[in-house]
Amino acid sequence: MDPVAVPVEQGLALAAILFSIGLTGVMVRRNIIIILMSVEVMLNACALAFIVAGAKWGEADGQIMFMLILSVAAAEVAVGLGLLLQINRRVGSIDIDETSRLRG
């Protein structure tokens, strides 16, 4: 049985929409948690684009890149949350504008 294929244009359009939503979240929000989540959305949009491109050409390269992006996203979350905890301890807030007090 042949699975129903999603057209490449629709998959890439969805990836572009997700990436622009994530970019908007990074640019507009000041909460560090929201910024980290927006970066995650951007990484998932890139992973979706690789999956769609790999499916179009029938290669496993898109899935391999997806696994790489998944591992980078996990490392980003671990480091980001560690930094978030330290900033919250030192400043008492998770607002990105408040971290300017950390300068020497």
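Quick caveat: nothing in here was measured; it's all calculated off a predicted structure.

## A look at the overall build of the chain
- Regarding its fold elements, the chain presents three helices and zero strands.
- Listing the helices and strands of the chain from first to last along the sequence gives α-α-α.
- Considering only C-alpha atoms, the chain reaches an extent of 60 × 25 × 25 Å along its principal axes.
- Within the chain, buried positions represent 23% of all 104 residues.
- Long-range contacts, defined here as pairs at least 24 residues apart, represent 54% of the contacts in the chain between residues at least 6 apart.
- When the accessible surface of the chain is totalled, it reaches about 7400 Å², and 68% of it is carbon and sulfur.
- With 7 positive and 9 negative side-chain charges, the chain shows a spacing of 16 Å between the two charge centroids.

## Quick notes on the environment of Pro7
- Mapping Pro7 onto the fold places it in the segment before helix H1 (8-28).
- A relative accessible area of 38% places Pro7 in the partly exposed class.
- Separated by 93 residues in the primary sequence, Pro7 and Ser100 have C-alpha atoms spaced 46 Å apart.

## Quick look at a nonpolar patch on the surface
- A cluster of nonpolar side chains, contributed by Phe19, Leu23, Met27 and Val28, occupies part of the molecular surface with about 380 Å² of accessible area.
- Relative to the helices and strands, Leu23 is located in helix H1.

## Some points on the environment of Asp95
- As for its placement among the helices and strands, Asp95 is situated in the segment after helix H3 (61-91).
- Classification of Asp95 by relative accessible area gives partly exposed; the value is 24%.
- In this structure the C-alpha to C-alpha distance between Asp95 and Ile33, which are 62 residues apart in sequence, comes to 9.0 Å.
- Non-local contacts of Asp95, meaning those with residues more than four positions away in its chain, are made with Arg30 and Asn31.

Definitions and limits used
Residues numbered from 1 in each chain as written. Predicted model: local features only at pLDDT ≥ 70, side-chain atom pairs only at ≥ 80, totals over all residues. Heavy atoms only, no water. Helix = DSSP H or I, 4+ residues; strand = E, 2+ residues; numbered from the N terminus. Buried < 20%, exposed > 50% of the residue type's maximum accessible area, 1.4 Å probe, protein only. Contact = heavy atoms within 4.5 Å. Areas by Shrake-Rupley, 256 points an atom, 1.4 Å probe, with all protein chains shown as cover. Lys, Arg positive; Asp, Glu negative; His and termini not counted. Charge placed at Lys NZ, Arg CZ, Asp CG, Glu CD. Patch = residues over 30% accessible without salt bridge, like charges linked within 9 Å, V, L, I, M, F, W, Y side chains within 5 Å. Salt bridge = Lys/Arg side-chain N within 4 Å of Asp/Glu carboxyl O.

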